[in-house]
Every structure is written in structure tokens, then in C-alpha cells.
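If you want the building blocks of each chain, they are given just below.
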Amino acid sequence: MRRIVLASLALAATTLGWGLAEGRAVAQAQAPAASPAPGQAQTKAAAPAAPTITHPEEVVATVTSDGATDEITKGEVFNVVSRYPIPPDEDRAMVYRDAVDTLVNTRLVTRFLARQNIVVKPEQIQEEINKLEQGLKTEGKDLATALLENGFSLDEVKKEMTDRLRWIEYVKAKATDAELKKYLAAHHDMFSGTQVRASHILLRTEPNATAEEKDKVRRQLLAVRKLIEDGKLTFAQAANKYSQDPANEGKAGGDLDYFNLNSGFIPEFSEVAFKLKVGAISDPVETPYGYHLIQVTDRKEGQPVDFEKNKPYITSAYAAELQRLLLTQARKTAKIDVKPMPKDLFPNLPAAAPAPEAAPAGKAATKPAAK
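Here's what I pulled together on the structure shown here. All values derive from a computational prediction rather than experimental measurement.

Cut-off values and rules
- Residues numbered from 1 in each chain as written.
- Predicted model: local features only at pLDDT ≥ 70, side-chain atom pairs only at ≥ 80, totals over all residues.
- Heavy atoms only, no water.
- Helix = DSSP H or I, 4+ residues; strand = E, 2+ residues; numbered from the N terminus.
- Buried < 20%, exposed > 50% of the residue type's maximum accessible area, 1.4 Å probe, protein only.
- Contact = heavy atoms within 4.5 Å.
- Areas by Shrake-Rupley, 256 points an atom, 1.4 Å probe, with all protein chains shown as cover.
- Axes fitted to C-alpha atoms, helices over the stretch in contact; angles between N-to-C directions.
- Parallel < 35°, antiparallel > 145°, perpendicular 65-115°, else oblique.
- Nonpolar A, V, L, I, M, F, W, Y, C, P; charged D, E, K, R; others polar.
- Expected span 1.5 Å × (residues − 1).
- Salt bridge = Lys/Arg side-chain N within 4 Å of Asp/Glu carboxyl O.
- Core = buried A, V, L, I, M, F, W, Y, C linked by side-chain atoms within 4.5 Å.

## As for the overall build of the protein
No. 1: Tallying secondary structure elements over the protein gives 13 helices and seven strands in all.
No. 2: Per-residue burial for the protein yields a buried fraction of 47% across its 371 residues.
No. 3: Residue pairs at least 24 apart in sequence account for 76% of intrachain contacts in the protein once pairs closer than 6 positions are excluded.
No. 4: Just so you have it, the protein exposes about 18,200 Å², and 53% of that area is on carbon and sulfur atoms.

Next comes the structure, spelled out in C-alpha cells:
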């Protein structure tokens, strides 16, 4: 099961350096949380260099839904990946897949919003353009130059602004106080600061592994768990002997120290960890890295949550959850075709390492769609 990378409904505006003032609470709290959306980023992203790839118009993926097909080009993917620092040893193939996923999901969310018949008035768009121009002005830039440097047209920026505003209106209609309080109750650990300390054992799978290959790894991990349950090895001993997490090379027994639900661990991993009782060992958990056994060794409960004080944060998380559910449903019926990564997608970066060794398993790898 691949993780779902949330859509970004403001890629062009974000790339141009658009940062909204903190006082715009509704837009900030309810904008989608994928590539840092306007108003969510703590710092403004630097504008990327002009594309140096060949044939940016080359189609690298198609998305068919609602009887229509959208194309995703190499240039669009490059615009996403070039906005984020990519370490020399980062797995380029995963960065590429995450960038494509971001763009695929953006298409799917955009189609969903179009079906909602949410009206965005021209004056709303003009207001956003004015704010964009003002933001660029503070950086000594003008809109025409920024558009030229980043390869966007004004119509493209307006379209993405329209989609973002539609999303905000959609979330506003859904995020009633009653609904937000219900969400808070179901996700109390996320907002309270509760922490767990966990260890894990990872057996890796290749990104293109077949179902049979995955099942073989899963069964191997179940055999490791049986050794632990039978008392033949402790969890730490098993991690030191079998885990393929590069972060465990120092024989740390698979220990990941304390973390909370906002620590950057990928959802497939952290959601299971937070449901485990102290001392319990999970079933094999699949992530993009492979299969994990997880054991929680300690838990620190957080503080009570004041709903009114935390409402913007709760709303933002609720909006992200809405989008995840929307995308899960949309992907069930959509036909998505992704081509292999173009060889020249990372022209200004060193060659990729032969294996994805950059991040501890369970931690989110660097990717275009940040949490």
C-alpha cells in the first residue's frame, strides 16, 4: 500500500514566492497540506532555477477520471522536484514517484471540486493576484518577471488560485464546530502532544516488488516475530540481527526514541505505533520502505486540548484528512499510468545512490509533498 501524497492546489503561486500573511486564518488553516501551501510554510521557498531539462513537454503520466484524461509533463514534475533540496544519496526514483503522485492527486482533487459547482468570483481572484504582487514586491520582484523566470502563465496561476479558493470554500462548508470536535476526539493524540517510544525491525522491499515478493518478505518478518514471541531473541537482538534499516547499523536495537504524530514519521508507521500498547508487537506493517515489526516501549501522555485555541490547527488537519479520504476514493476508479523516470530529470544533481539509504525507515523520506 503506497502512501498517499496530498495534492497541492497552489503549485504555481507557491513557486513564485507567494506567502500569505499570518492573519488570514481561514485560508491558512484550510489550505491543503501537501507542497507547503501558501500561508502554511514557515519560510518562503526560494524560486527555482529555470528548467534545464530537455523536452519539458514530454508526457510522463496520464490520469483518466470522469471520462477525461489529463496529462502530466516532465516540465511539471521538474518544477516540483526542483523546489526542494535533494541530498546526493536520496532515492531519486522515490522523489520522482512522489512528485508525480502530488500532480496526479492535484488533478483528481481539481476534478472533484469542479463537480461541486463552487463559484469563485473574478474579484476574489483579483484580490489574490494583488496579494501575490504585493508579496513579490517586498522581495524586489514583479509578477511579469516572476512568471517568465518560472515558466508559468498568468492564466495558469489564476486557475490554480481558483482551485485553491474552491477547496477553502469546500472545507469551510464541512468543518462545522461539531465536526471538528468529533475529529479532535478521534485524533486526540495528534493534538495533545502525546509521545511514544518505539523500536522497529525492517525488511526492505523494492518499489516495483510483485505481490509474491512482498508476501515472501512479510512471511520472513512473521518468522522473526515468532522467534521473539518464543523467547529465542529479544526484540532488540532481533533488530540488530535482521533489520535492514541503515539507521540501525550502530546496533541500536531498532530504537527510534520518542516521537509524536507530527514528528515526520510516515502515517502508515506512526498510526500503528500509536495504537499499540506498551510492550506489544505489531503485525507486519507495510510502508514504501518495506515491512516493519513495531514494538512500543514507552508512552508519554500529552496535555488537554483547548478547542478554541487550537481550532485553526484542528481545521488544517481535518482538511488534510478530507483530502486523503477524497483521494483514496478517487484512485479506486481513476486510471493512472506513470512512465519510468526520465534520465535527465535531475540534471544539476549528483547521480543517485544505488539504494535508498537516506532516511531511517519509518521516517518520511525527503519528498515534494511534505507533511
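## Let's talk about the packing of helix α8 (residues 177-186) against helix α13 (residues 307-333)
Helices that pack against each other are described as a pair by the angle of their axes relative to one another and the distance between those axes.
No. 1: Contact pair α8 / α13: the axes reach a minimum separation of 10 Å and the direction vectors enclose 85°. What the angle tells us is that α8 and α13 run roughly perpendicular. In this structure, α8 uses Asp177, Glu179, Leu180, Lys181, Tyr183 and Leu184 to contact α13, whose residues at the interface are Phe307, Glu308, Lys311, Ile314, Thr315, Ala317, Tyr318 and Glu321.
No. 2: Here the residues of the contact of α8 with α13 are counted per class, giving seven nonpolar, one polar and six charged.

## Things to note about helix α4 (residues 92-115)
No. 1: With 24 residues, α4 ought to run about 34 Å at 1.5 Å a step, and its terminal C-alpha atoms sit 35 Å apart, in line with that.
No. 2: In terms of residue burial, α4 counts as a mostly covered element, since 19 of its 24 residues are buried.
No. 3: Positive phi shows up at asparagine 117, right after α4, with a value of about 55°.

## A word on the pattern of salt bridges
Any two side chains of opposite charge can pair, so long as their charged atoms come close to each other.
No. 1: What the rule picks out here adds up to 23 salt bridges.
No. 2: For lysine 74, the salt bridge is made with aspartate 344, and the minimal N-O distance between the two is 3.1 Å. Taken together, the residues span a long stretch of sequence, with lysine 74 in helix α3 (residues 74-81) and aspartate 344 in the segment after β7 (335-338) at a distance of 270 residues.
No. 3: The salt bridge involving arginine 219 is made with aspartate 215; its shortest N-O contact spans 3.0 Å. Here aspartate 215 and arginine 219 lie together in helix α10 (residues 211-229), a separation of four residues that amounts to about one turn.
No. 4: Taken together, the shared-partner salt bridges in this structure form one network comprising Glu58, Lys74 and Asp344.

## Remarks on the nonpolar core
No. 1: Counting 43 residues, the largest nonpolar core has Ile72, Val77, Val81, Trp167 and Phe191 as the members making the most contacts within it.
No. 2: Listed by contribution, the elements that provide at least two residues to this core are β1 (59-65), α3, α4, α7 (154-174), α8, α9 (188-192) and α13.
No. 3: Counting residues per element, this core draws most heavily on α4, which supplies ten residues.
No. 4: The contact partners of phenylalanine 191, leaving out residues within four places of it in the chain, are Tyr183, Leu184, Val305, Tyr313, Ile314 and Ala317.
No. 5: Core analysis: the next-biggest nonpolar cluster, separate from the first, contains 15 residues, Ala198, Leu202, Val285 and Val296 among them.

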